Amino acid sequence: MGLIETALKDRMHDPVTEKVFTLIADYADTSADSLEMDTTFEELGLDSVDGLSIMADLEDEFDVSLPSDEVLGMTRIGQAVEAFQAHVNGSPDAESP
Amino acid sequence: MSPRRVVVTGLGAVSALGLDRHEFWDSISAGRSGIAELESVNPDDFTFRNGAEVRGYRPEDHFDKKQIFYLDPFSQYALTASREAVADAGIEWNPKLCSRTGIVTGSSVGGQTTTDESFQHFYKEGRTRGRPLVIPRVMPNAAASQISMEFGITGPVFTLSTACSSSNHAIGQAYWMVRSGLIDCAITGGSEAPFSYANLKSWEALRVVAPDTCRPFSKDRQGMVLGEGGAMMVIEDFDLARARGATIYGEILGFGMSADATHLTHPASEGAAEAMRRALEDASVVAENVGYVNAHGTGTPANDAMETQAIRTVFGGHADRLALSSTKSMHGHALGAAGALEALATVMALREGILPPTANYNEPDPECDLDVIPNEARKADVGFALSNSFAFGGLNAVLVFGKAA
């Protein structure tokens, strides 16, 4: 199993990652498999209001409210994954780089 | 500088009568009504069962997924009708023309479908987190803004909301801007999408919606039937239209407005008459030359008797020689889109020499004793026509159209 396949397999084992990827893929009208942690919203043709809509859906999904500066500063999918993992898992480690 | 002539060069419509201007006029000129049993809500929940809903319309046929996120149905109807009108007009946009073009739209309730969904989200589903697209979808100017972005139009763009007169007020302002030379061209009309449970329940509470169908001027009329859709016209300076060899459907000759200043929902004939008088004066058309009136004709007992009285006041003896009809009997009362749909019907009536009928008409009413063209369209070569809109709030707006010369 190559590195990419392993990464894909791992991310789909994490429910937060899976939800973030599938929801963003749905907004961007693409498949979750085509997305990477480093993919930016801009690359997907998503603008700031799309970003806010996606965050609102994810906040509802995980029943957490992210602070505005965190939401407004997001440019990459990975940032959304990390933010929701931190809040959902309640682990401060998840917020560390 | 003498005022410019303003002509209509493009038409577009989405309504209960079909998804384009051809289907609209084919039905209107055949006296075929689009009123049918409600599909968007359960008719068993209401004292009325019928509406003039847009049928067979699929958003994905007109917009991609991302556009749909931004578009309440009222904006979709406006944009779809605008695309058709602009294509029909055959306009080729350039930066100068874009800056010399305006957009004026009318809507009574804007994106109320989105408002309704948003309220359900909070009050019914008990959610506490909103959605960022609700505000930009709901704002009544969303439709006008979407049209401006579609074509890159950078001139004056705005929206008027005067209930059932919204589109006539909008078309009137666009007309005056072109006539005065402020702009050379405009896309103008209106749209409405009023079919949500809560909005229909509120109409039910007013007890003005007919339990059967819309029968304007008929003695057995029991009220209005709600409709939806959008209609847009491209209007432009006559010289510009002629220079580019555009098809000229007809001419806008005048516009008049008034306020009843009496009651929020009960119409007053003096206010309606004053708007018609001012429109004729603005158009420099003498009353005796008017051959057709597209009536406000809601089908409520109060409106139709009031309108008959107002027409008698304005036209005197000529009232018995002109013809009028209410096309709301076919496309329903589309509120903020009503005037725009009726403007299309009026322009086409003059162009084709066919006066649309008042459908669903059963028996004469002494209080509505004018020639209302019952049930069957009539061939008639008419030079000048009025299109009336009288709104809740006592706000009246009347347009004068002329046959293309």
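Keep in mind that this is a model prediction, so the values were computed, not measured.

Draft legend 1. Structural view of the confidence of the model for chain A. Averaged over all residues, the pLDDT of chain A is 84; the fraction at 70 or higher stands at 80%. Summarising per-element confidence for chain A, the mean pLDDT is lowest in helix α1 (residues 3-13) of chain A (59) and highest in helix α2 (residues 15-28) of chain A (94).

Draft legend 2. Highlighting the sheet that holds strand β13 (residues 384-391) of chain B. All names here are of chain B. Strand order across the open sheet formed by ten strands is β5-β4-β6-β7-β1-β8-β14-β13-β9-β10, with mixed pairing between neighbours. The open sheet terminates on both sides in strands that have one partner only, identified here as β5 (157-160) and β10 (323-325). For this sheet, the mean inter-axis angle between neighbouring strands, taken without regard to orientation, is 25 degrees. Bridging between strand β1 (residues 6-15) and strand β7 (residues 229-237) involves nine bridges; their strand directions are antiparallel.

Draft legend 3. Spotlight on the interface of chain A and chain B. With 16 residues of chain A at the interface, the matching set in chain B holds eleven residues. The junction of chain A with chain B conceals about 1,100 Å² of combined surface from both sides, 43% of it contributed by carbon and sulfur atoms. By the criterion of area lost to chain B, the three top residues of chain A are A:Tyr27, A:Val49 and A:Asp60, representing 37% of everything that side buries. Where chain A packs against chain B, one counts nine salt bridges. Measuring nitrogen to oxygen at the nearest pair gives 3.2 Å for the salt bridge that ties B:Arg129 to A:Glu59. When residues of the side of chain A that touches chain B are traced back to their parent elements, those giving at least two are α2 and α3 (48-62) of chain A. For the side of chain A that touches chain B, the element with the most residues is α3(A), which contributes eight residues. Across the side of chain A that touches chain B, the residue classes tally to six nonpolar, three polar and seven charged.

Draft legend 4. Quick peek at the state of the cysteines. Residue and element names in this part refer to chain B. Using the criterion set out here, one finds zero disulfides over all chains in the structure. Note on Cys98: no disulfide assigned, nearest cysteine sulfur contributed by Cys185 at a separation of 9.3 Å. Its sulfur unpaired, Cys214 is 12 Å from the next cysteine sulfur, which belongs to Cys368. For Cys214, a relative accessible area of 1% translates into the label buried.

Draft legend 5. Region of the structure containing helix α1 (residues 21-30) of chain B. Residues and elements named next belong to chain B. Taken together, the buried positions of α1 are occupied by Arg21, Phe24, Trp25, Ser27, Ile28 and Ser29. For α1, the secondary structure elements touched by its buried residues are β1, α3 (73-89), α13 (328-331), α14 (338-352) and β11 (354-355). For α1, the side-chain oxygen to backbone nitrogen distance between the N-cap and His22 is 3.0 Å, and the N-cap itself is Asp20. Residue Gly31 follows α1 closely and has a positive phi angle near 70 degrees.

Draft legend 6. Local environment of the nonpolar core. All names here are of chain B. Among the nonpolar cores identified, the biggest contains 45 residues, and Val8, Phe24, Met233, Ile235 and Ile252 are the most heavily contacted of them. Within the residue set of this core, elements represented by two or more residues are β1, α1, α8 (166-180), β7, β8 (250-259), α14 and β14 (395-403). Looking at this core element by element, the count peaks at nine residues for α14. Not counting residues up to four positions away in its chain, the partners in contact with Met233 are Val8, Gly10, Leu11, Ala85, Ile171, Ala186, Ile187, Thr188, Ile252, Ala343 and Leu344. The next biggest cluster of nonpolar side chains, apart from the first, holds 30 residues, and it includes Ala283, Ala310, Phe390 and Val398.

Procedures and definitions
- Residues numbered from 1 in each chain as written.
- Chains lettered and ligands numbered in written order.
- Predicted model: local features only at pLDDT ≥ 70, side-chain atom pairs only at ≥ 80, totals over all residues.
- Heavy atoms only, no water.
- pLDDT = per-residue confidence, 0-100.
- Helix = DSSP H or I, 4+ residues; strand = E, 2+ residues; numbered from the N terminus.
- Pairing = 2+ DSSP bridges.
- Axes fitted to C-alpha atoms, helices over the stretch in contact; angles between N-to-C directions.
- Contact = heavy atoms within 4.5 Å.
- Buried area = accessible area lost by both parts, 1.4 Å probe.
- Salt bridge = Lys/Arg side-chain N within 4 Å of Asp/Glu carboxyl O.
- Nonpolar A, V, L, I, M, F, W, Y, C, P; charged D, E, K, R; others polar.
- Disulfide = S-S within 2.5 Å.
- Buried < 20%, exposed > 50% of the residue type's maximum accessible area, 1.4 Å probe, protein only.
- Polar contact = N/O pair within 3.5 Å; in protein donor to acceptor, adjacent residues only side chain to side chain.
- Core = buried A, V, L, I, M, F, W, Y, C linked by side-chain atoms within 4.5 Å.

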